[in-house]
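In case you want the letters, here they are:
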Amino acid sequence: MKRLMVMLSMVAVVLFATHAFSEDKEAISKNVDGIVAAINGGKDASSFSADAYTPYVFIMEAQGKLIVHPTLTGKDLKVEGMPIYEAIKDATSKGTWVKYEWKGKEKNTYIKRTNNNIIVGSGY
């Protein structure tokens, strides 16, 4: 009986974590999609604040210069974090999730390209 309770508890934790993960992914993609729509509608990319979103968003020129980032605005991502640049450089206007490793941790980031070739992303 005790073993059954432990197994049921583990299943409940996995189901809860999966549901929370799904909600997080939905919120993240909604934030990125909204920013892309605003930029496509004429809003200046630099007018966004990275920390206005949880998790933060970044906005990058296709060549790697970060327009919006909590700590790297104005920096070249190819210099500051080539593995990240490699993972996100092929963003499309449809949006997609990418995985990469950064500082020993797996990262999951939703990325989407604007009509004027700017990449917007957010993740965990």
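On a predicted model such as this, the values are computed, not experimentally measured, just so you know.

(A) Here's a closer look at the overall build of the chain. Each helix and strand in the chain was counted, giving three helices and five strands. Its helices and strands taken in sequence order, the chain reads α-β-β-α-α-β-β-β from the N to the C terminus. For the chain, the residues scored as buried account for 33% of the 124 residues in total. When contacts within the chain are restricted to residue pairs at least 6 apart in sequence, those whose partners lie at least 24 apart make up 33%. When the accessible surface of the chain is totalled, it reaches about 7800 Å², and 56% of it is carbon and sulfur.

(B) Region of interest: the nonpolar core. Counting residues in hydrophobic clusters, the biggest one holds 15 residues, and the most contacted among them are I35, I39, A45, I59, I67 and V120. Breaking this core down by element, the ones donating at least two residues are α1 (2-40), β1 (57-61), β2 (66-68) and β5 (118-123). Per element, the largest residue contribution to this core is five residues, and it comes from α1. Setting aside anything within four residues of it in sequence, one finds V120 in contact with V32, I35, V36, I39, F58, I59, Y110, I111, K112 and T114. Within the second largest apolar cluster, 13 residues are counted, among which are L77, I84, I88 and Y100.

(C) Spotlight on the layout of surface pockets. In this structure, the largest pocket encloses a volume near 400 Å³. Every residue lining the largest pocket is counted, 18 residues in all, and those nearest its centre are Y56, H69, I84, Y100 and W102. Put simply, the parts of the chain that give the lining of the largest pocket at least two residues each are α2 (77-80), β3 (96-102), β4 (105-113) and β5. The class makeup of the residues in the lining of the largest pocket is 10 nonpolar, five polar and three charged.

(D) Looking closely at the side chain of K112. Note that K112 resides in strand β4. Within polar-contact distance, the side chain of K112 engages the side chain of D33 at 3.2 Å.

(E) Structural detail: the side chain of T114. Relative to the elements of secondary structure, T114 occurs in the loop between β4 and β5. Since its relative accessible area comes to 5%, T114 is described here as buried.

Parameters and conventions
Residues numbered from 1 in each chain as written. Predicted model: local features only at pLDDT ≥ 70, side-chain atom pairs only at ≥ 80, totals over all residues. Heavy atoms only, no water. Helix = DSSP H or I, 4+ residues; strand = E, 2+ residues; numbered from the N terminus. Buried < 20%, exposed > 50% of the residue type's maximum accessible area, 1.4 Å probe, protein only. Contact = heavy atoms within 4.5 Å. Areas by Shrake-Rupley, 256 points an atom, 1.4 Å probe, with all protein chains shown as cover. Core = buried A, V, L, I, M, F, W, Y, C linked by side-chain atoms within 4.5 Å. 1 Å grid on protein atoms, 1.4 Å probe; cavity = no way out; pocket = protein on both sides within 12 Å on 5 of 7 lines; lining within 4 Å. Points joined across faces, edges and corners; volume = space filled by probe spheres on them. Nonpolar A, V, L, I, M, F, W, Y, C, P; charged D, E, K, R; others polar. Polar contact = N/O pair within 3.5 Å; in protein donor to acceptor, adjacent residues only side chain to side chain.

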